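Survey of secondary and tertiary structure
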2 protein chains.
Amino acid sequence: MAETRKDRSYLVSLIRERQTVLTVGLDSDSQRLPDIIKGDILAFNRAIIEATRDVCVAYKINFAFYEALGLKGWEILGKTIAHIGDQHFIIADAKRGDIGNTSEMYAKAVFDHLGCDAITVNPYMGSDSVKPFLRDGKWVIILAYTSNTGSSDFQKLKLENGKKLYEAVMETTSTYGNAANTMYVIGATHPEELKQIRANFPEHFFLIPGVGAQGGDLDAVLKAGLNKDGGLLINASRSIIYASSGSDFAEKGREEAERMNVVMRKYVDKKS
Amino acid sequence: MAETRKDRSYLVSLIRERQTVLTVGLDSDSQRLPDIIKGDILAFNRAIIEATRDVCVAYKINFAFYEALGLKGWEILGKTIAHIGDQHFIIADAKRGDIGNTSEMYAKAVFDHLGCDAITVNPYMGSDSVKPFLRDGKWVIILAYTSNTGSSDFQKLKLENGKKLYEAVMETTSTYGNAANTMYVIGATHPEELKQIRANFPEHFFLIPGVGAQGGDLDAVLKAGLNKDGGLLINASRSIIYASSGSDFAEKGREEAERMNVVMRKYVDKKS
């Protein structure tokens, strides 16, 4: 269980120390593991974590991939978090959100039981679905403008007042907490919008999925999104964890992380 | 595991046979159990299920309450579903939704692994987040206009074209599937809007939370929402499962269910 308080100053110091905003996404799919791992997801996660520990600041755990395994998956999820330990920011990528008393239960699961530092939350149900996740020393990461193609179905809809839905979501939800306990998910596939979003929200951290397998441009995201504190957590999942299907999977994963870090260092150095 | 195909005709026949659209919500909170149950949630669920089996058509399982217990909670969740068996429609109230490959994993968890018949899904991420849940013989229940106060924060926002966001969500997502595999969540706290929604979507089933502890009016919902096939699943959780904190909790829960069924029969009789 993570015991360190992963507040904003902790996160900023991690980024300065490691000169990266890289987040490794553990979307570990039992169907895609290297043969050598013989279907043992926990062993796979441990190997990836050991290989990438010093080249990333955060791990993002995609809950769906563990839930798909039932009881065994939840056991692996807990053990994976324990293995990460105390020197990284741990994101529960669970996309939760429900009426107040139910969101409280989800918060309990992810923060108290699993010891994660942050959770991704879907804002569609509004204030009482988001606020129960705002806890001292913990973070809520609200879906704003996601990386997938479906993000244009509703998030980009124009409102009567000329704003887009995701802009209204950010404006309203930013009043629930502050830049020390609230982040936003902004897909790497929208670098132009990211520039505008950063102008409107200079302080907030953004969690950026969509670099790598989904095709987002890393340079463009860094240029548009970094602020003086870093202000980004850029996630790569498949491109790192499946960098090789051979026995060198962890080593190749680390190389891919390092390749991204070379790009990141160009910008993180200058801005933070 | 539920093996029967819970398609539309099955659901309609259940409603005709039992003359009710009652759904019992198993939001079983370890902090609120009767003393006699000594914290044993599975025993509590089994007692509630045995007491209400013949007076409801569906059980809705609120995943948050089980996840909050960690590994043990997932075990109870699986055993609760197994105990419900084959003669009810089983709803995974999990409010999931993510990019395509991840939603597929959530579908796998809930349909393949747990054997549920339906899952509640949050539409904010659009088409590729919802479609992976559309499976032969299974149902997706899309959040449209929820029962909580936060539902007015975004769901009611007026779009440029004059429609409200929840109306756009229903219009767009209704093209993903059809009235035999898609339902909508409409809160009992909006009976006026329900009337209009029913006029626009005469065939779809609606899952209606918010009667009971949240204060929705049962008569108003039935009048506004029923169609020739029933077309509603009206959920009550706290008002039934916590009807008594004494040793008569199951019996009192059944009485509360019966009290609701007396109201339901007035309308279900006439319309179906």
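For the structure given in this document, a descriptive report is provided here. Bear in mind that the values here come from a model prediction, so they are computed numbers and not experimental data.

The rules behind these values
Residues numbered from 1 in each chain as written. Chains lettered and ligands numbered in written order. Predicted model: local features only at pLDDT ≥ 70, side-chain atom pairs only at ≥ 80, totals over all residues. Heavy atoms only, no water. Helix = DSSP H or I, 4+ residues; strand = E, 2+ residues; numbered from the N terminus. Buried < 20%, exposed > 50% of the residue type's maximum accessible area, 1.4 Å probe, protein only. Contact = heavy atoms within 4.5 Å. Areas by Shrake-Rupley, 256 points an atom, 1.4 Å probe, with all protein chains shown as cover. Lys, Arg positive; Asp, Glu negative; His and termini not counted. Charge placed at Lys NZ, Arg CZ, Asp CG, Glu CD. Core = buried A, V, L, I, M, F, W, Y, C linked by side-chain atoms within 4.5 Å. Buried area = accessible area lost by both parts, 1.4 Å probe. Salt bridge = Lys/Arg side-chain N within 4 Å of Asp/Glu carboxyl O. Polar contact = N/O pair within 3.5 Å; in protein donor to acceptor, adjacent residues only side chain to side chain. Least-squares fit on C-alpha atoms with pLDDT ≥ 70 in both. Expected span 1.5 Å × (residues − 1). Phe/Tyr/Trp six-rings, centres within 6.5 Å; stacked < 30°, edge-to-face > 60°. Pairing = 2+ DSSP bridges. Axes fitted to C-alpha atoms, helices over the stretch in contact; angles between N-to-C directions.

Our next topic: the overall build of chain A. When helices and strands are tallied, chain A shows eleven helices and eight strands. By principal-axis analysis of the C-alpha atoms, chain A measures approximately 55 × 45 × 35 Å. Taken over 272 residues, chain A has a buried fraction of 65%. Taking the intrachain contacts of chain A between residues at least 6 apart in sequence as the baseline, contacts between residues at least 24 apart amount to 73%. By element, 48% of the accessible surface of chain A is carried by carbon and sulfur atoms, the whole surface being about 9200 Å². Seen as two clouds, the 34 positive and the 35 negative side-chain charges of chain A have centres 3 Å apart.

Now for the nonpolar core. One finds Ile234 of chain A together with Ile234 of chain B to be the most contacted residues of the largest nonpolar core, which totals 200 residues. Beyond its immediate sequence surroundings of up to four residues, Ile234 of chain A is in contact with Val21, Leu22, Thr23, Ile208, Val211, Leu218, Val221, Leu222, Met260 and Met264 of chain A.

Each side of the interface is counted separately: chain A has 58 residues, and chain B has 58 residues. Across the interface of chain A and chain B, roughly 5000 Å² is buried in total on both sides, 60% from carbon and sulfur atoms. The three residues of chain A that bury the most area against chain B are Met105, Tyr124 and Phe154 of chain A, which together make up 17% of that side's buried surface. Where chain A touches chain B, the interface holds four salt bridges. One salt bridge connects Lys95 of chain B with Asp98 of chain A, and the closest N-O pair in it is separated by 2.8 Å. Taken together, the connections running from chain A to chain B amount to 24 residue pairs in polar contact (both at pLDDT 80 or more). Breaking the side of chain A that touches chain B down by element, the ones donating at least two residues are helix 3 (63-67), helix 4 (71-84), strand 3 (89-96), helix 5 (100-113), helix 6 (127-130), strand 5 (139-145) and helix 7 (165-173) of chain A.

So, on to the relation of the copies chain A and chain B. For the pair chain A and chain B, the relating rotation is 180 degrees, the translation along its axis is 0.0 Å, and the fit reaches an RMSD of 0.0 Å. The superposition of one copy onto the other is thereby described by a two-fold rotation axis. In this assembly, 100% of the residues forming the interface of chain A have copies in chain B that are likewise at the interface, indicating an isologous arrangement.

Moving on: helix 4 (residues 71-84) of chain B. Residue and element names in this part refer to chain B. Taking 1.5 Å of rise per residue, 14 residues should cover 20 Å, and helix 4 covers 20 Å from first to last C-alpha, within 8% of that figure. The complete set of buried residues in helix 4 reads Gly73, Trp74, Ile76, Leu77, Gly78, Thr80, Ile81 and Ile84. The positive-phi residue at the C-terminal boundary of helix 4 is Gly85, with phi of around 80 degrees.

Let us look at helix 2 (residues 41-52) of chain A. With twelve residues, helix 2 of chain A should cover 16 Å at 1.5 Å per step; its first-to-last C-alpha distance of 16 Å lies within 8% of that length. N-cap assignment for helix 2 of chain A: the residue whose side-chain oxygen lies 3.2 Å from the backbone N of Leu42 of chain A is Asp40 of chain A.

Before going further, it helps to spend a moment on the packing of aromatic side chains. Within the structure shown, the criterion is met by 15 aromatic pairs over all chains. With a centroid separation of 4.3 Å and 5 degrees between ring planes, the pair formed by Tyr145 of chain A and Tyr166 of chain A is classed as stacked. One end of the pair, Tyr145 of chain A, is in strand 5; the other, Tyr166 of chain A, is in helix 7, with 21 residues separating them in the sequence. Like Tyr145 of chain A, the residue Tyr166 of chain A is buried in the burial classification. A network of ring pairs unites the aromatic residues Phe63 and Trp74 of chain A together with Phe63 and Trp74 of chain B as a single cluster.

Under the definition given, this model contains 47 salt bridges over all chains. Across the pair Glu203 of chain A and Arg8 of chain A runs a salt bridge, and its minimum N-O distance is 4.0 Å. In this pair, Glu203 of chain A is assigned in the loop between helix 8 (191-200) and strand 7 (205-208) and Arg8 of chain A in helix 1 (residues 8-18), connecting sequence segments 195 residues apart. Given a relative accessible area of 37%, Glu203 of chain A falls into the partly exposed group. In this structure Arg8 of chain A comes out as buried when scored by relative accessible area, which is 14%. In this structure, Asp117 of chain B and Lys6 of chain B form a salt bridge, with 3.0 Å as the shortest nitrogen-oxygen distance. On the criterion of sequence distance, the pair formed by Asp117 of chain B in the loop between helix 5 (100-113) and strand 4 (118-121) and Lys6 of chain B in the segment before helix 1 (8-18) is long-range, its members being 111 residues apart. When its relative accessible area of 1% is taken as the criterion, Asp117 of chain B is described as buried. On the basis of relative accessibility, which here comes to 0%, the residue Lys6 of chain B falls in the buried class.

Take the sheet that holds strand 8 (residues 232-236) of chain B next. Sheets are built from strands that pair by backbone hydrogen bonding, the pairs being arranged parallel or antiparallel. Residue and element names in this part refer to chain B. Around the barrel, eight strands lie side by side as 1-2-3-4-5-6-7-8; this closed barrel has parallel pairing. Neighbour-to-neighbour, the strand axes of the sheet open up by a mean angle of 30 degrees, direction not taken into account. Pairing between strand 2 (residues 58-62) and strand 3 (residues 89-96): five bridges, direction parallel. Counted as the bridge partner of Tyr59 is Ile90 from strand 3. Lying over the sheet, helix 1 contacts strand 3, strand 5 (139-145), strand 6 (182-186), strand 7 (205-208) and strand 8, oriented at roughly 60 degrees with respect to strand 7. Strand contacts of helix 7 (residues 165-173): strand 5, strand 6 and strand 7, with the helix running at about 155 degrees to strand 5, the strand carrying the most contacts.

No statement about biological role is implied by the geometric values presented.
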